[in-house]
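Listed below, chain by chain, are the residues.
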Amino acid sequence: MKIVALAGGIGGARFLRGLLAAAPEAEITVIGNTGDDISLFGLRVCPDLDTVMYTLGGGINEEQGWGRAEETFTVKEELAAYGVGPGWFGLGDRDFATHIVRTQMLAAGYRLSAVTEALCDRWRPGVRLLPMTDDQVETHVVVEDEQGRRAIHFQEWWVRMRASVPALSIAAVGAAESAPAPGVQAAIEAADVVLFPPSNPVVSIGTILAVPGIRDAVAAKTVVGVSPIVGGAPVRGMADACLTAIGVETSARAVAEHYGLGLLDGWLVDEADADVRVEGIEVRSRPLLMRDAETTAAIARAALDLAVELKRAGVAE
Ligand code: GDP
Ligand code: CA
């Protein structure tokens, strides 16, 4: 069984851990979001790729969901002592090493996909992790506050402002001119099924789908998604602020309709949303809180079972 999953950070990574447990024999390719990537202190940081890599490789800070376990912050303190910021983006000492290796390899001319493969040689995540593109794509957010209307990097809005200022619009800068990373299209074409973990529909899955070619390749497949919205709110984080920015209501039904029946064949919603119906999409309800290894594996199993069932029924390739 060949499975392709599109993934953002925490929601994606935790779901993938469940998928590995639910389908240990499967060949899993993960297409990671790079729209959150940012250059800090001269280093290229890829938060979503790293969250997937650390989570599946056993190096994640479990409570936090991102960053390294047993982390220290000496470098950050020393930078602050020089008055060098930003201080709002948490980079620990162990994490810094990853970004140094990445930046060094990129400067030597390696593409991000090759760098990611090299980093995964250490972490052995058990999946093939591909960035959506080797080209630079950065999510920017237009906000308006005392300083006027301006576009800022997604991380500044998300991490520094905690999305407290409404986003007037969200753009994946560079996406239209980007190309899928080597292996991405082939993996989708070869996949038996494609899964959307409960990742952010706008700035994680939406950004991956904005890379020309990916949406069409995915749409030709049997696709099942897991709702990140439960009972009208994100399970964690501020995905509602992103959905509002693109004019989509924060509900499991509205997110499925936003993906649309041209893309999604099946949709898993939480039991709290058991009454959700979406024309043309097979909706099933299950407990969708990834509380522990067992509940997470059960969610992944349910998504995979639904995909296999729909594929057999011949809804898509
Ligand atoms: P990020 O890049 O770290 O923001 O992570 P993702 O884009 O992969 O995932 C963020 C989404 O995961 C949020 O919208 C959450 O609502 C969702 N999420 C987090 N934990 C859970 C969970 O236990 N169950 C479900 N259904 N969604 C979750
Ligand atoms: Ca992210």
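Residues numbered from 1 in each chain as written. Chains lettered and ligands numbered in written order. Predicted model: local features only at pLDDT ≥ 70, side-chain atom pairs only at ≥ 80, totals over all residues. Heavy atoms only, no water.

A.B. asks: Hey, could you run me through the overall build of the chain in this one?
C.D. replies: The number of helices and strands found in the chain is 12 helices and 14 strands. Considering the chain as a whole, with its 317 residues, one finds that 54% of them fall into the buried category. In the chain, of all internal contacts separated by at least 6 residues, the share reaching a separation of at least 24 is 70%. Accessible area for the chain stands at about 13,600 Å²; split by element, carbon and sulfur atoms hold 50% of it. Charged side chains in the chain number 27 positive and 42 negative. The centres of these two groups are separated by 2 Å. (Helix = DSSP H or I, 4+ residues; strand = E, 2+ residues; numbered from the N terminus. Buried < 20%, exposed > 50% of the residue type's maximum accessible area, 1.4 Å probe, protein only. Contact = heavy atoms within 4.5 Å. Areas by Shrake-Rupley, 256 points an atom, 1.4 Å probe, with all protein chains shown as cover. Lys, Arg positive; Asp, Glu negative; His and termini not counted. Charge placed at Lys NZ, Arg CZ, Asp CG, Glu CD.)

A.B. asks: What exactly am I supposed to notice about the site of ligand 1 here?
C.D. replies: In the neighbourhood of ligand 1, 19 residues make up the surrounding shell, with Pro198, Ser199, Ser204, Leu288 and Met290 lying closest. Taking Ser227, its main chain carries an N or O atom lying 2.8 Å from a nitrogen atom of ligand 1. Calculation on ligand 1 without its partners gives an accessible area of 590 Å², and the protein chains cover 91% of this total. Broken down by element, the residue count for the shell around ligand 1 peaks at 3 residues, all from helix H1 (residues 10–22). When its residues are assigned to classes, the shell around ligand 1 shows 9 nonpolar, 8 polar and 2 charged. (Near = heavy atom within 4 Å. Polar contact = N/O pair within 3.5 Å; in protein donor to acceptor, adjacent residues only side chain to side chain. Nonpolar A, V, L, I, M, F, W, Y, C, P; charged D, E, K, R; others polar.)

A.B. asks: Help me out: how do you make sense of the packing of aromatic side chains in this one?
C.D. replies: Where two aromatic rings form a pair, the distance of their centres and the angle of their planes describe that pair. With the rule as written, the count across this model stands at 8 aromatic pairs. Relative to Trp123, the ring of Tyr54 lies with its centre 5.3 Å away and its plane at 65 degrees, an arrangement referred to as edge-to-face. Here Tyr54 is found in helix H2 (residues 47–57), whereas its partner Trp123 is found in helix H5 (residues 112–123), with 69 residues between them in sequence. Of the two residues, Tyr54 and Trp123, neither departs from the other in class, the shared state being buried. Among the aromatic residues, ring-to-ring pairing joins Phe154, Trp157 and Trp158 into one connected group. (Phe/Tyr/Trp six-rings, centres within 6.5 Å; stacked < 30°, edge-to-face > 60°.)

A.B. asks: What exactly am I supposed to notice about the sheet that holds strand E14 (residues 282–286) here?
C.D. replies: Working definition: the strands of a sheet are paired by backbone hydrogen bonds and lie parallel or antiparallel to each other. Strand order in the open sheet made by the 7 strands is E5-E2-E1-E9-E10-E13-E14, with parallel pairing throughout. Since the sheet does not close on itself, it has two edges, and those belong to strand E5 (128–131) and E14, each with one partner. Across the sheet, the mean angle separating the axes of adjacent strands is 20 degrees when strand polarity is ignored. Here 5 bridges tie strand E13 (residues 266–270) to E14, and the two strands are oriented parallel to one another. Its bridge partner lying in E14, Trp267 is registered against Val283. Each of strand E9 (193–196) and E13 touches helix H11 (residues 252–259); the most contacted strand, E13, lies at about 165 degrees to it. (Pairing = 2+ DSSP bridges. Axes fitted to C-alpha atoms, helices over the stretch in contact; angles between N-to-C directions.)

A.B. asks: Explain the packing of H1 against H2 to me, please; I cannot follow it from the model alone.
C.D. replies: Angle between the axes and distance between the axes are the two parameters that describe a pair of packed helices. Direction vectors running N to C along H1 and H2 enclose 35 degrees, while the axes themselves pass 9 Å from each other. Judged by the sense of rotation from one axis to the other, the crossing of H1 with H2 is right-handed. Across the interface between the two elements, Ile10, Ala13, Arg14, Leu16, Arg17 and Leu20 from H1 touch Thr51, Val52, Thr55 and Leu56 from H2. For the contact of H1 with H2, the residue count by class is 6 nonpolar, 2 polar and 2 charged. (Left-handed = near helix turned anticlockwise from the far one by under 90°.)

A.B. asks: Just to check I follow, could you spell out unusual backbone geometry for this structure?
C.D. replies: Trans is the common state for peptide bonds, and a negative phi is the common state for residues other than glycine. The linkage connecting Gly85 with the following residue, Pro86, adopts the cis geometry, with an omega of 5 degrees. Here Pro86 is to be found in the loop between helix H3 (74–81) and helix H4 (93–107). The residue Arg162 is not glycine, and still its phi comes out positive at about 50 degrees.

A.B. asks: Honestly, the pairing of strand E2 (residues 27–32) in this entry has me stumped. Any pointers?
C.D. replies: Two faces belong to every sheet, and in a regular strand the side chains alternate between them. The buried fraction of E2 is high, at 5 of 6 residues. Here strand E1 (residues 2–7) pairs with E2 via 6 bridges, running parallel. Bridging from a neighbouring strand, Lys2 pairs with Glu27 of E2. Crossover E1 to E2 through H1 is right-handed. Here E2 pairs with E5 via 4 bridges, running parallel. The residue bridging Val30 from the neighbouring strand is Leu129, located in E5. (Right-handed = clockwise from strand over helix to strand, strands pointing away.)

A.B. asks: Looking at this structure, how should I read the sheet that holds strand E6 (residues 138–145)?
C.D. replies: Read from one edge of the open sheet, 3 strands run E7-E6-E8, paired in antiparallel fashion. Two strands close off the open sheet at either side, each with one partner strand: strand E7 (148–153) and strand E8 (169–173). The sheet shows a mean angle of 25 degrees between the axes of neighbouring strands, taken without regard to direction.

A.B. asks: What is the right way to look at the environment of Asp145 in this model?
C.D. replies: Mapped onto the fold, Asp145 is located in strand E6. Given a relative accessible area of 17%, Asp145 falls into the buried group. For the pair Asp145 and Trp123, spaced 22 residues apart in the sequence, the C-alpha separation amounts to 42 Å. A polar contact of 2.7 Å, which involves the side chain of Asp145, links it to the side chain of Arg150.

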